[in-house]
Amino acid sequence: MLILKDPSLLRTQAHVNGSWIETGQAFPVNNPATGEVIATVVDAGIDGTRAAIDAAHAAKPGWSARSGKERAAVLRRLHDLMVANADDLAAILTAEMGKPLPEAKGEILYGAAFIEWFGEEAKRVYGDVIPGHQRDKRIVVIKQPVGVVGSITPWNFPNAMIARKLAPALAVGCTFVARPSELTPLSALALAVLAERAGVPAGVFNVVPSLDAAGVGAELCANPKVAKITFTGSTRVGKILMRQCADTVKKVSLELGGNAPFVVFDDADLDAAADGALIAKFRNAGQTCICANRIYVQAGIYHAFAEKLRAKVATLRLGNGFEPGVTTGPLINEAAVAKVERHLREAVEKGAEILTGGRRSSLGRSYFEPTLLTEVTQDMLVAREETFGPLAPLVRFETEDEAVAMCNASEFGLAGYLYSRDVARVWRVAERMETGMVGINTGLISTEVAPFGGVKQSGLGREGSKYGCDDYLEIKSMCFGGI
Ligand code: ADP
């Protein structure tokens, strides 16, 4: 039973054109820690999605006509409401997704920070004046909102993945249709409640929960009223969406799979590196797209580092995210546990050794013990595929060149991490890493002030920072003649 200070934040209808609608269809949302049904949520389906697109299309002229300062004021109120209601939003998030309550609260504040940052940016969508190419000509460049944005997001950050997209979209004058993960729609609906209270007009922010991900996705991609698709999720689905957007030449922003390398050189501060590896690997039970997936350790310090990390992993406490002191929650479902087991089994068969963990937990069907594997090699699944679970594989390397080659031997390129105290080596390796982001002597790199995004098959576009508005803007050049 979910107890909230403000129970009205728990909405179960779809949010379309400022109304909370029923469709006659609904689906259950489960707590992954216990398996119990928390709520039954209205399924907006394709018709509801179409209605939301129409509403967003109709609301766009009015919203984009507001000044940046006016839109900023609305986003500021939304930020403040998110902070004021952070405890309830976190409880809803933990109930539907499983991460420990303090981590859920951290996610709410992280999501709110994007609303604040882009609200401030709303006032700074500057253009350019270009000297004319002829005596009587003047050229002015303005930036305008792309239009209706269709958003598809995953379950691992049910609030922040939407906030990161909603904030720049609304800031620059776009309107928005969000299709949250069918596993975690309640956080998205709670955000819509607060957006309404903050004064976001009807039709500007619509939420269409649905079981039919492929159908709703196809509608968002095909509908000519949608100008842009923004997606966070797997590379497989990202490719489907990109293909579907080709017919209407929609803009796409894609934040896709990771498989982040984490490199520890022999000159690193090993305690700091073990702390960094612990957070980069085990945060959110290993279920983030920038989680360290392959930990490369230089041969001379391999055993010392493994022992330090083992001691830190031993401090993690697995359990229900609502229990005080729990650091590691359940995985999202049993399929996620099965993937961790598959990676683990294959690695052990090929010669990897389990230093700690290595088993499902007796706590429940979605729990897996935080696990550390040594003697892992580059050919094992754990080093090649994103595990998305609490499994840390340690691979040995000898030289800097070998480490860089191993990092780059992947079709993915989201985040990478490296630990070294040699400033020249840090520059060399960071520049050579084929990733959109590099954490240097830190395992935590996410913030609204820095650009987040990947290269290679990890995606297109950037979220956050002064670059983050660009994905939601068109550039218009106006050439004045006869002057
Ligand atoms: P993850 O492994 O993180 O769940 P997915 O790419 O499978 O990644 O899912 C991310 C989001 O995309 C989820 O909300 C999911 O429901 C949705 N999704 C899955 N398949 C499709 C599809 N064919 N078209 C549109 N959205 C989809």
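Definitions and limits used
Residues numbered from 1 in each chain as written. Predicted model: local features only at pLDDT ≥ 70, side-chain atom pairs only at ≥ 80, totals over all residues. pLDDT = per-residue confidence, 0-100. UniProt positions renumbered as here; feature names shortened; annotations may be inferred. Helix = DSSP H or I, 4+ residues; strand = E, 2+ residues; numbered from the N terminus. Buried ≥ 20, exposed ≤ 12 C-beta atoms within 10 Å, placed from the backbone. Contact = placed C-beta atoms within 7 Å. Pairing = 2+ DSSP bridges. Near = placed C-beta within 6 Å. Axes fitted to C-alpha atoms, helices over the stretch in contact; angles between N-to-C directions. Core = buried A, V, L, I, M, F, W, Y, C linked by C-beta atoms within 7 Å. Domains from an automatic or database assignment. Right-handed = clockwise from strand over helix to strand, strands pointing away. Arc of directions from axis to C-beta. Parallel < 35°, antiparallel > 145°, perpendicular 65-115°, else oblique. Left-handed = near helix turned anticlockwise from the far one by under 90°. Nonpolar A, V, L, I, M, F, W, Y, C, P; charged D, E, K, R; others polar.

### A few points about the confidence of the model for the chain
Inference 1: Per-residue confidence for the chain gives a mean pLDDT of 97; residues scoring 70 or more make up 100%.
Inference 2: Across the assembled chains, the prediction reports ipTM 0.98 with pTM 0.98.

### Looking at the UniProt feature "active site" (unreviewed entry) in the chain
Inference 1: Within the UniProt annotation, "active site" (unreviewed entry) is assigned to Glu255.
Inference 2: Position of glutamate 255 among the secondary structure elements: in strand β11 (residues 251-255).
Inference 3: Judged by local crowding, glutamate 255 falls into the buried class, with 28 C-beta atoms found within 10 Å.
Inference 4: Apart from the residues within four sequence positions on either side, glutamate 255 is in contact with Thr232, Cys289, Gly453, Gly454, Gly459 and Glu463.

### Points about the pairing of strand β6 (residues 138-145)
Inference 1: Across three bridges, strand β5 (residues 128-130) lies against β6 in antiparallel orientation. What sits directly across from aspartate 128, in β6, is valine 141.
Inference 2: With eight bridges connecting them, β6 and strand β22 (residues 473-480) associate as antiparallel partners. Bridge pairing in β22 links glutamine 144 to glutamate 474.

### Some points on the site of the ligand
Inference 1: Taken together, Ile152, Thr153, Pro154, Ser181, Glu182, Ala213, Ala214, Gly217, Gly233, Ser234, Val237 and Ile240 make up the full set of residues near the ligand.
Inference 2: With three residues, helix α7 (residues 213-222) is the single largest residue contributor to the shell around the ligand.

### Here we look at the UniProt feature "domain: Aldehyde dehydrogenase" (unreviewed entry) in the chain
Inference 1: In the UniProt entry, the feature "domain: Aldehyde dehydrogenase" (unreviewed entry) is given for residues 20-477.
Inference 2: When the span residues 20-477 is considered, its composition is 40% helix and 21% strand, and the gap between its end C-alpha atoms is 40 Å.

### Some points on the sheet that holds β22
Think of a sheet as strands paired side by side through backbone hydrogen bonds, with each pair either parallel or antiparallel.
Inference 1: In spatial order, the strands read β5-β6-β22; together these three strands make up an open sheet with antiparallel pairing. The two strands at the open ends of the sheet, each matched to only one other strand, are β5 and β22. On average, each strand axis in the sheet is inclined to that of its neighbour by 25 degrees, with strand direction left out of account.

### Describing the nonpolar core
Inference 1: Leu75, Ala167, Leu170, Phe176, Val263 and Ala277 are the most contacted members of the largest nonpolar core, which has 144 residues in total.
Inference 2: With 10 residues, helix α5 (residues 160-172) is the largest single contributor of residues to this core.
Inference 3: In this structure, this core is formed jointly by two domains, domain 1 (7-256 + 458-477) and domain 2 (260-440), each of which donates at least three residues.
Inference 4: For leucine 170, the residues in contact, after removing those within four places along its chain, are Arg71, Leu75, Phe176, Val204 and Phe205.

### Overview of the domain arrangement of the chain
Inference 1: Split by domain assignment, the chain resolves into domain 1 (7-256 + 458-477) and domain 2 (260-440).
Inference 2: Centre-to-centre, using C-alpha coordinates, domain 1 lies 31 Å away from domain 2.
Inference 3: Facing the 15 residues of domain 1 at the interface are 19 residues of domain 2.
Inference 4: Breaking the side of domain 1 that touches domain 2 down by element, the ones donating at least two residues are α3 (86-97) and α4 (101-121).

### Topic: the pairing of strand β7 (residues 148-152)
In the case of a regular strand, side chains alternate between the two sheet surfaces.
Inference 1: For β7, a buried count of five out of five residues is recorded, marking the element as mostly surrounded by other parts of the structure.
Inference 2: Of the two faces of β7, the one lined by Val148, Gly150 and Ile152 and the one lined by Val149 and Ser151 are each fully buried.
Inference 3: Relative to strand β8 (residues 175-179), β7 runs parallel, the two sharing five bridges. Looking at β8, one finds that valine 149 is bridged to phenylalanine 176.
Inference 4: Crossover connection from β7 via α5 to parallel β8: handedness right-handed.
Inference 5: Where β7 meets strand β10 (residues 226-232), five bridges bridge the pair, whose relative direction is parallel. By the bridge assignment for β10, valine 149 is matched with lysine 228.

### Points about the sheet that holds strand β18 (residues 415-419)
Inference 1: Taking strand neighbours across the sheet as the criterion, the seven strands line up as β14-β15-β16-β13-β12-β18-β19 in an open arrangement whose pairing is mixed. One side of each edge strand has no neighbouring strand; the edge strands of this open sheet are β14 (353-356) and β19 (437-440). Strand-to-strand, the axes of this sheet are offset by a mean angle of 25 degrees, without reference to chain direction.
Inference 2: Taken together, the five bridges between strand β12 (residues 260-264) and strand β13 (residues 292-298) define a ladder with parallel strand orientation.

### Quick notes on helix α13 (residues 400-408)
Inference 1: Regarding α13, the residues found buried are Ala403, Val404 and Cys407. Down the axis of α13, the smallest arc covering the buried residues is 95 degrees, so these residues share one side.
Inference 2: Buried residues belonging to α13 abut β12, β13, β16 (391-397), β18 and α14 (423-432).

### Notes on the packing of helix α2 (residues 68-84) against α4
Inference 1: α4 packs onto α2 with a crossing angle of 165 degrees between their chain directions and a minimal axis gap of 8 Å. One element, α2, and the other, α4, form an angle in the roughly antiparallel class. Regarding α2 and α4, the two cross each other, and that crossing is left-handed. Of α4, the residues touching α2 (which contributes Ala72, Leu75, Arg76, Leu78, His79, Met82 and Val83) are Ile108, Leu109, Gly111, Ala112, Ile115, Glu116, Phe118, Gly119 and Glu120.
Inference 2: Split into classes, the residues belonging to the contact of α2 with α4 amount to 10 nonpolar, three polar and three charged.

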